[in-house]
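Residue strings, one per chain:
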Amino acid sequence: MKYTAFAAVSAVALACAAPAVAGPEAEVLHWWTSGGEAKSAAVLQQEFADNGGTWTDMPVAGGGGDAAMTALRARVLSGNAPTAVQLKGPAIQEWYEEGVLADISSVAEAEGWGDVLPGSIAEHMKCEGKWCAAPVNVHRVDWIWANAALLEANGIEMPQTWEDFNAAADKLMAAGITPLAHGGQAWQDATVFEAVALGFLGPEDFRKAFVELDMDTLKSEKMTAVFDQMRKMRGYVDANFPGRDWNLATSMVMNGEAAFQIMGDWAKGEFLAAGKEPGKDFLCASVPGDGFLYNVDSFAMFEVDGEDKQAGQDLLAKLIVGPKFQEVFNLNKGSIPARVDVKLDAFDTCAHLSAKDMGESADNGSLLPSYAHGMALRGAQAGAITDVVTAHFNSEMSSAEAVQMLADAVANSL
Amino acid sequence: MTEWLERHIPKMVLAPSFAAVLVFVYGFIAWTAWVSLTRSRLLPKYEIDGLIQYERLFNAPRWDTAMSNLFVFGTLFILISMVLGLMLAILLDQKIRTEGVLRTIYLYPMALSLIVTGTAWKWIMNPGLGLEAMVRGWGFESFTFDWVINPDKAIYAVVIAGVWQASGFVMALFLAGLRGVDGEIIKAAQVDGIPAWRIYTAIIIPSMAPIFLSAFIVLAHLAIKSFDLVIALTGGGPGYATDLPATYMYTMAFSRGDIGQAASSAMVMMGVVFAIIVPYLYSELRAKHD
């Protein structure tokens, strides 16, 4: 009796002590914690588990990723980096320079990422020629959203040029309707600014100004024109805009309190969640001008020890760029897949337009990174530009002063 | 043995907290000073590179705004809170019947967190939701109170919320001071037929000088470290019109990956605190010597 009890206890103890079945492991740091985003993250988690992996979730909410970056800094400094981290744009290369990113070229080459990702987006995923991150989606930033009924009632078409836009806005002002729904937060000011800048500078000079930080372009006449238009935009906004969140601005368009909003395609999620139909209740179009500003979410892979973790990293990278995940995830998130060979049958008309424009602009070199969403520049430089944009938008500063301040701020941030 | 213990136990008990303060306060001040001399961006680096971060700091228009906001906010906040607090204390000191209740009511804002104060005042002062909308609703169509969204006035909106929060606390300090004034002197003055306002200005208030000093020190450090109030009330906006040094430092360190810049702004903030505290300590120590 005594012995059987002993045997039973040791059997249980052994079962507990036996290592959990070895397999791919991944600890993933991200800040997709709200509504549709959390649902999108769960898709990846599920697929990872279906492929035999063990996923350790590490969501850190708050501050648009600021809190997550603080957590990441602490983890890296203590020599215990997560397997994969939601990072984007030049921040990936910035972390690479700290010497903490892993090389996932073997997966990328086996999966043929080079053939399915647009060239300029693939560049963001490489660190000195080696793949170090996996793209999840492509958000387009330079969208203009409109309330279809308001436009029809006032006999206005979707604007094709900035003159059209100004004429439409003046007409709406005269009719007592707020032309532009906007939230006075620095990043929203920057979002409108870069959409205007793309229109007035054109793709070539946009790249020079906001990717290469070319001083001549930053101080050019065209840049003065951009700030002139921003001054006009300020006049098209209602008085209560300071501090308003972007989704409240979107609901102003939805409820017919305002006609237009310039915002990335996450605004579409708000319209769809409210049961509005694209093309019928609301309209989407790219802002006047050529080009396509993208905001690509991605996961950077950090250097980790142990075969299980490295296997987890490879599996994660493979799944993220895999066609199935790209489709399901982006249907949830409102963006479009980063890989160009995914069938778009399940997507709405706005997403179709986005995908078509992405293909065309990738071919003619006008597929550009969004500066306002941290794709084009490092934090310090992008922040310096945003400071000037928001200071100009919220004061009586002249365009000439703003251009001078812009050049000084960029020089000071280097 | 017991004698030895008696002599050393206080030191032994204090030693851990002394060591902790030494490392976690003074050690980290030294670390910040070091980092402020480097070109640290995303992660701290330790190669000294001169005063580059301070040059950048003093060239940044946003830092100028933050410092002048601190000056405006600090001066007005301290001054108005003291004047209001003193007035409330004097009025409450008139031996009125419901003093206990009133005192509690005025003291209560201090019990709220600054986040709550900031959020509540954000709604009260929002032109579309709060005071302006209400008064206009009563028929005064031209009434305007849009300080919180006006870049030139927004910092004064922060002062209003700050004063609302702190003046009750200052009142309690002054009330204690008033109660500490020797009643005999006041009675003697009353016998001599001196008017009440003269009693206050010539006798009571001068005898409360130490209370003024404590109130000033408490308010000054509240002003310098006020961060949550601005974050909740205006988020530093419109634009960066209500940025304070503390919010500037936070932005640089946590949103922009510019740790060197954040460290240099923290050092300048510490300089400002020293400029206030050191004369105070000096006068305190000298008083003891005399």
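A quick note: this is a predicted structure, and the numbers were derived from the prediction, not measured.

### Some thoughts on the confidence of the model for chain B
Residues and elements named next belong to chain B.
- When pLDDT is averaged along chain B, the result is 89, and 99% of the positions lie at 70 or above.
- Averaged pLDDT values over the elements of chain B bottom out at 85 in helix α13 (residues 259–289) and peak at 93 in helix α3 (residues 61–92).
- Quick note on the complex model: pTM equals 0.84, ipTM equals 0.77.

### Focus on the packing of helix α13 (residues 246–254) of chain A against helix α14 (residues 266–273) of chain A
Residues and elements named next belong to chain A.
- Put simply, α13 and α14 touch, their axes get as near as 10 Å, and they point 50° apart. By the angle between their axes, α13 is oblique relative to α14. As for the relative orientation of α13 and α14, their crossing is right-handed in sense. Contacts between α13 and α14 involve Asn-247, Thr-250, Ser-251 and Met-254 on the former and, on the latter, Ala-267, Glu-270 and Phe-271.
- Grouping the amino acids of the contact of α13 with α14 by side-chain chemistry returns three nonpolar, three polar and one charged.

### Remarks on the sheet that holds strand β1 (residues 25–30) of chain A
Residues and elements named next belong to chain A.
- Spatially, β2-β1-β3-β13-β6 is the arrangement adopted by the five strands of the open sheet, whose pairing is mixed. Bordering the open sheet on either side are β2 (54–59) and β6 (133–135), each of which pairs with just one other strand. Put simply, the sheet's adjacent strands are angled 25° from each other on average, direction ignored.
- Relative to β2, β1 is paired through six bridges, and the arrangement is parallel. Across the sheet, His-30 pairs through a bridge with Pro-59, a residue of β2.
- Contacts between helix α4 (residues 90–97) and the sheet are confined to β3 (84–87), β6 and β13 (298–301), with β3 contributing the most and set at about 135° to the helix.

### Describing the interface of chain A and chain B
- With 24 residues of chain A at the contact, the number on the chain B side is 24 residues.
- Of all the secondary structure elements, the ones that give two or more residues to the side of chain A that touches chain B are α3 (66–77), α4, α18 (379–393) and α19 (399–413) of chain A.
- When its residues are assigned to classes, the side of chain A that touches chain B shows eight nonpolar, eleven polar and five charged.

### Regarding unusual backbone geometry
- A positive phi angle, near 55°, is found at A:Leu213, a position not held by glycine.
- Relative to the elements of secondary structure, A:Leu213 occurs in the loop between α10 (186–210) and α11 (215–218).

### Description of the sheet that holds strand β10 (residues 258–262) of chain A
Residue and element names in this part refer to chain A.
- Here four strands make up an open sheet; going across it, the order is β9-β10-β8-β11 and the pairing mixed. Both outer strands of the open sheet, β9 (178–180) and β11 (282–286), are each paired with one neighbouring strand and no more. Pairs of neighbouring strands in the sheet enclose a mean axial angle of 20°, with direction left out of account.
- As paired strands, β9 and β10 are joined by two bridges and run parallel to one another. Bridged to Leu-180 within β10 is Phe-260.
- Packing of α13 onto the sheet brings it into contact with β8 (143–147), β10 and β11, and relative to β10 it is tilted by some 140°.

### Notes on the pairing of β13(A)
All names here are of chain A.
- On β13, burial covers both faces: Ser-298 and Ala-300 on one face and Phe-299 and Met-301 on the other are all buried.
- Inspection of the sheet shows β3 paired to β13 by four bridges, in the antiparallel sense. Paired with Val-85 across the bridge in β13 is Ala-300.
- Where β6 lies against β13, three bridges are found, and the strand directions are antiparallel. Its bridge partner being in β13, Ala-134 is matched across the sheet by Phe-299.

### Focus on the environment of A:Arg231
All names here are of chain A.
- Along the chain, the position of Arg-231 falls in helix α12 (residues 221–235).
- A residue is classified by how many C-beta atoms lie within 10 Å of it, and Arg-231, with 15 of them, is partly exposed.
- Remark: the alpha-carbon pair of Arg-231 and Ser-395, spanning 164 residues in sequence, is separated by 9.4 Å.

### Let's talk about α14(A)
Residues and elements named next belong to chain A.
- Considered for burial, the residues of α14 that qualify are Ala-267, Lys-268, Glu-270 and Phe-271. Relative to the axis of α14, the buried residues are bounded by an arc of 155° and lie together on one face.
- The secondary structure elements touched by the buried residues of α14 are β8, α13, β10, β11 and α17 (349–364).
- In the stretch just after α14, Gly-275 is the one whose phi turns positive, near 80°.

### Digging into the nonpolar core
- A:Cys132, A:Ala300, A:Met301, A:Ile320 and B:Val158 are the most contacted members of the largest nonpolar core, which totals 184 residues.
- The element that contributes the greatest number of residues to this core is helix α7 (residues 154–180) of chain B, accounting for 14 residues.
- Contact partners of A:Ile320, with chain neighbours within four places excluded, come to A:Leu44, A:Ala134, A:Val136, A:Phe299 and A:Phe325.

### Section: α3(A)
Residue and element names in this part refer to chain A.
- Here α3 contains twelve residues, and its C-alpha end-to-end distance of 17 Å stays within 8% of the 16 Å for a straight helix at 1.5 Å per residue.
- Turning to α3, its buried residues number three or more, namely Ala-68, Met-69, Leu-72 and Val-76. Along α3, the residues classed as buried sweep out an arc of 95° about the axis, all on the same side.
- In the core, the buried residues of α3 are packed alongside β1 and β3.
- Gly-79 sits one or two positions beyond α3 and adopts a positive phi of about 75°.

Rules used throughout
- Residues numbered from 1 in each chain as written.
- Chains lettered and ligands numbered in written order.
- Predicted model: local features only at pLDDT ≥ 70, side-chain atom pairs only at ≥ 80, totals over all residues.
- pLDDT = per-residue confidence, 0-100.
- Helix = DSSP H or I, 4+ residues; strand = E, 2+ residues; numbered from the N terminus.
- Axes fitted to C-alpha atoms, helices over the stretch in contact; angles between N-to-C directions.
- Parallel < 35°, antiparallel > 145°, perpendicular 65-115°, else oblique.
- Left-handed = near helix turned anticlockwise from the far one by under 90°.
- Contact = placed C-beta atoms within 7 Å.
- Nonpolar A, V, L, I, M, F, W, Y, C, P; charged D, E, K, R; others polar.
- Pairing = 2+ DSSP bridges.
- Buried ≥ 20, exposed ≤ 12 C-beta atoms within 10 Å, placed from the backbone.
- Arc of directions from axis to C-beta.
- Core = buried A, V, L, I, M, F, W, Y, C linked by C-beta atoms within 7 Å.
- Expected span 1.5 Å × (residues − 1).

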